[in-house]
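# Understanding the architecture of this molecule
What follows is each chain in one-letter form.
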Amino acid sequence: MNRLIHDIKRSHRCGSLREADIGIEVVLMGWVHNRRDHGGCVFVDLRDREGVTQVVFDPEVDKEAHALSGDLRAEWVIGVVGKVRSRGGNVNPKIKTGAIEVAAVRLEVLAKAKPPPFPIEEEIDTSEETRLKYRFLDLRRPGLQRNLILRHQFNQVVRRTLDAEGFLELETPFLIKSTPEGARDYVVPSRVHGGKFFALPQSPQLFKQLFMVSGFDRYFQIARCFRDEDLRAERQPEFTQVDMEMSFISPADIQAVVEKILVEAWRALLGVELPTPFQRLSYDEAMARFGVDAPDLRFGLELNDLSDTVRAVGFKVFADTVAAGGVVKALNLHGTGDWSRKDLEELEEFVKPYGAKGLAWIKVKEDGSWQGPVAKFFKPEEQAAVAAKLSLAVGDTAVFVADRAKVAHAALGNLRKHVAKKRNLIPKGTFRFCWVTEFPLFEYDDETQRYFAAHHPFTAPQPEHVEAMVKDPGRVKAQAYDIVLNGIEIGGGSIRIHDSVLQQRMFEALGIGEAEAKAKFGFLLEALQFGAPPHGGLALGVDRIMMLICGTDSIRDVIAFPKTQKQTDLMLDAPARLDPAQLAELSIRVAGDKG
RNA sequence: GGGGUGGUAGUUAAGUUGGUUCAUAACGCCGGCCUGUCACGCCGGAGGCCGCGGGUUCGAGUCCCGUCCACCCCGCCA
């Protein structure tokens, strides 16, 4: 059986033949995409990753091949030998190979196939559940094939660019140690050391710093990272980063390298020339203007701070919030005067999950007067002041949130995106990159009433803020920077602490005692005492970048074998129970069982 | 952990106030016919635990409770 494949080799892929090839004999292999049996002639669209070619089984060309072709079904794998010929007047302009066809002189069935549970086509509306269960079939679809091919090309750009810049691609271990702070770890039991566990890396952070201590100077890795947290459309439990680190640099140096990679990637994959340098804005500016640390710069609708303007207005909610140290922020939803009360209530519902207690609004009517439940609390001169600040015009609606800055920013920052989507304010096919810099070093956690590292505990403070680390942690800025594309964080990094004394102080500020620091990060503190160069780096989120390059809303469309939102693999049926013998060998007794 | 949307042939969907045109359509599948199709066409056929469990009712795809699964969001993601 399968004699053909031993006799001869495939000569072309199914997307490559053109009019210029008419007359030559070819050997094609692929999947039966579609079969049209006319009793006399049988037409088969033969598919592989490059495209589709029409094969004709004509009894006048070859009786045997024609007879055999009647049995063919969708998704059978076949090999065909035949001659390329013109389609004459029957050209199909929809496919690249539409001007030609292959008249088969020999057919061999290489594998039969059951009918697929869903059609192998570009546009399908099959549930994600079914597609994930049969992911190997889903991956036959041209869209996903294209996405994974682009992903391959992105990885090649990364390797080419970083190699040219003198980076070394070095590998780091997967079986490491669980550390405090950060995301939950995925954990791997040790058979040899019963009762002890490895953890999978959330990122190769510490190893890349140690590479710098070792003198490798410039490192990168396309690294898999693991975080046991709940999923989102753009979050998977295992994901890929381009992890980079450099010695003897400032933030501008690593940023320049990153821009080089992205410019090259957009050029090679999309044929788009990105203007450089990318825009830079500070964290404080991003929060003030856009309410989020990953601003989408493709549209306006910026936030305005009205705290000073409304400090004394008759609306108690506003005045009290400002008096208590909160803020009143507003968004001018230009030209939405025709929105109904119901539309505005929908916005209020949108904002509530972010902690906002309400959404005040006013409309500017034809005569310039205000309409809305809170309008009456504003004196004419107060209205004028607000109108000036928000550039309010006739037909505009303004919405207000009064709350702690954190809540007001989250509510309006996300509302801004929501409204932009709803009103189609976001131009298609545009890419707006920016750097967000000077992140805070610490963030305060209301629940545990303590500061924790906003980035990670190895991030260096701005030099002028070192003194304030313990006294006034909330004000300390870090030498940390994120790269943002279209409102999505696609990477982040920092200059690291390369001084063991400063690192100790950092742990202190975080409430990590000397003993604990030594137990968890002793190797790092020690390494920093043996001549650590100043260093810093960044990691790019490959999955999110590919999402944006491929123009999809789901990270699952750029990952070959993704997990569901509940962290399961529907194809493997993983995770799964272990049999008792295996558990015993690992010294594990299962206490709880969630089914 | 919380909120929302959905689950009916292989697939995608329709199914009203609960009631023998309530189990339906398209695509796919199977059989037959067809020499220029490319969403081929024509004729015929098979295919169902209405996610699962319980309840209300004379009667449940439809109403109620629980539960499972998928997706979106909040929390979480140094």
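Residues numbered from 1 in each chain as written. Chains lettered and ligands numbered in written order. Predicted model: local features only at pLDDT ≥ 70, side-chain atom pairs only at ≥ 80, totals over all residues. Heavy atoms only, no water.

## A look at the protein's contact with RNA strand B
Lining the immediate surroundings of RNA strand B are 47 residues, of which Asn 34, Asn 90, Glu 129, Ala 453 and His 455 lie closest. Contact distances for RNA strand B include 3.5 Å between a sugar or linking oxygen and a side-chain N or O atom of Thr 126. Contacts to RNA strand B include Arg 556, whose side-chain N or O atom sits 3.0 Å from a phosphate oxygen. Elements that contribute at least two residues to the surface near RNA strand B include exactly β1 (25-37), α3 (128-133) and β19 (450-453). Among the elements that make up the surface near RNA strand B, the one with the highest residue count is β1 (3 residues). For the surface near RNA strand B, the per-class residue count stands at 12 nonpolar, 16 polar and 19 charged. (Near = heavy atom within 4 Å. Polar contact = N/O pair within 3.5 Å; in protein donor to acceptor, adjacent residues only side chain to side chain. Helix = DSSP H or I, 4+ residues; strand = E, 2+ residues; numbered from the N terminus. Nonpolar A, V, L, I, M, F, W, Y, C, P; charged D, E, K, R; others polar.)

## Remarks on the sheet that holds β1
Reading around the barrel, the 5 strands line up as β1-β2-β3-β5-β4 and close back on themselves, with mixed pairing between neighbours. Taken pair by pair, the neighbouring strands of this sheet meet at an average axis angle of 55°, ignoring direction. (Pairing = 2+ DSSP bridges. Axes fitted to C-alpha atoms, helices over the stretch in contact; angles between N-to-C directions.)

## Brief notes about the pattern of salt bridges
In the structure shown here, the tally under the stated rule is 34 salt bridges. Close ionic contact of Lys 208 with Asp 243 constitutes a salt bridge, the shortest N to O distance being 2.7 Å. In this pair, Lys 208 sits in helix α6 (residues 205-213) while Asp 243 sits in strand β10 (residues 238-247), placing the two residues 35 residues apart along the sequence. A residue is classified by how much of its surface remains accessible, and Lys 208, at 2% relative accessible area, is buried. Look at Asp 243 and you get buried, because its relative accessible area is 1%. Close ionic contact of Glu 245 with Arg 496 constitutes a salt bridge, the shortest N to O distance being 2.7 Å. Placement of the pair is Glu 245 in strand β10 and Arg 496 in the loop between β21 (488-495) and α14 (500-509), with a sequence separation of 251 residues. (Salt bridge = Lys/Arg side-chain N within 4 Å of Asp/Glu carboxyl O. Buried < 20%, exposed > 50% of the residue type's maximum accessible area, 1.4 Å probe, protein only.)

## Remarks on the packing of aromatic side chains
According to the stated counting rule, one finds 20 aromatic pairs in the structure shown. Between Phe 211 and Phe 216, the aromatic rings sit 5.5 Å apart at their centres with planes inclined by 85°, giving edge-to-face as the arrangement. Assessed through its relative accessible area of 15%, Phe 211 is described here as buried. For Phe 216, a relative accessible area of 36% corresponds to the partly exposed category. Measuring from centroid to centroid gives 5.3 Å for Phe 211 and Tyr 219, while their planes differ by 40°, and the two rings are tilted. In this structure, Phe 211 and Tyr 219 share a single accessibility class: buried. Among the aromatic residues, ring-to-ring pairing joins Phe 315, Phe 318, Trp 370, Phe 377, Phe 378 and Phe 400 into one connected group. Here Lys 422 stacks its cationic end above the ring of Trp 339, 4.9 Å away from the centre of that ring. (Phe/Tyr/Trp six-rings, centres within 6.5 Å; stacked < 30°, edge-to-face > 60°. Lys NZ or Arg CZ within 6 Å of the ring centre and 35° of its normal.)

## Digging into the state of the cysteines
The tally for this structure, following the rule as stated, stands at 0 disulfides. Left without a disulfide partner, Cys 14 is nearest to the cysteine sulfur of Cys 41, which lies 19 Å away. Taking the relative accessible area as the measure of exposure, Cys 14 reaches 0% and is therefore buried. Cys 225 supplies the cysteine sulfur nearest to Cys 550, a cysteine that is in no disulfide, at a spacing of 20 Å. (Disulfide = S-S within 2.5 Å.)

## Structural notes on the domain arrangement of chain A
Per the domain assignment, the segments making up chain A are domain 1 (4-111), domain 2 (145-274 + 434-558) and domain 3 (299-426). Spacing between the C-alpha centres of domain 1 and domain 3 amounts to 63 Å. (Domains from an automatic or database assignment.)

## Section: the environment of Glu 165
Note that Glu 165 resides in the loop between α5 (142-164) and β6 (168-169). On the accessibility criterion, Glu 165 (24% relative accessible area) is partly exposed. For Glu 165 and Ile 261, which are 96 residues apart along the polypeptide, the C-alpha to C-alpha distance reads 10 Å.

## Focus on the pairing of strand β14 (residues 360-364)
For β14, the buried fraction is high: 5 of the 5 residues fall into the buried class. Side chains of β14 alternate between two faces, with Ala 360, Ile 362 and Val 364 and Trp 361 and Lys 363 buried alike. Across 4 bridges, the pairing between β14 and strand β16 (residues 397-403) is antiparallel. Counterpart to Trp 361 in the pairing with β16 is Val 399. With 2 bridges connecting them, β14 and strand β15 (residues 370-371) associate as antiparallel partners. Counterpart to Val 364 in the pairing with β15 is Trp 370. Following β14, the chain reverses through 5 residues before pairing antiparallel with β15; Gly 368 in that reversal takes a positive phi of roughly 90°.

## As for the sheet that holds β15
In a beta sheet, neighbouring strands pair by backbone hydrogen bonds and run either parallel or antiparallel. An order of β12-β13-β16-β14-β15 is seen for the 5 strands of this open sheet, with the pairing classed as antiparallel. Each edge of the open sheet is held by one strand with a lone partner, namely β12 (303-305) and β15. In this fold helix α9 (residues 316-323) packs onto β13 (327-333), β14 and β16, with an angle of close to 45° to the strand it touches most, β16. (Contact = heavy atoms within 4.5 Å.)

## Section: unusual backbone geometry
Residues Thr 276 and Pro 277 are joined by a peptide bond in cis, for which omega reads -5°. Considering the arrangement of structural elements, one finds Pro 277 in the loop between α7 (251-270) and β11 (279-282). Note that the residue after Ala 574, namely Pro 575, is joined by a cis bond; omega there is 0°. Within the secondary structure, Pro 575 sits in the loop between α16 (542-550) and α17 (580-585). Even without being glycine, Leu 301 reaches a positive phi, approximately 55°. Structurally, the position occupied by Leu 301 is in the loop between α8 (283-290) and β12. Looking at Leu 301, the relative accessible area reads 10%, which means it is buried. In this model, Ser 391 sits at a positive phi of 55°, which is unusual for a non-glycine residue. Relative to the helices and strands, Ser 391 is located in the loop between α11 (380-390) and β16.

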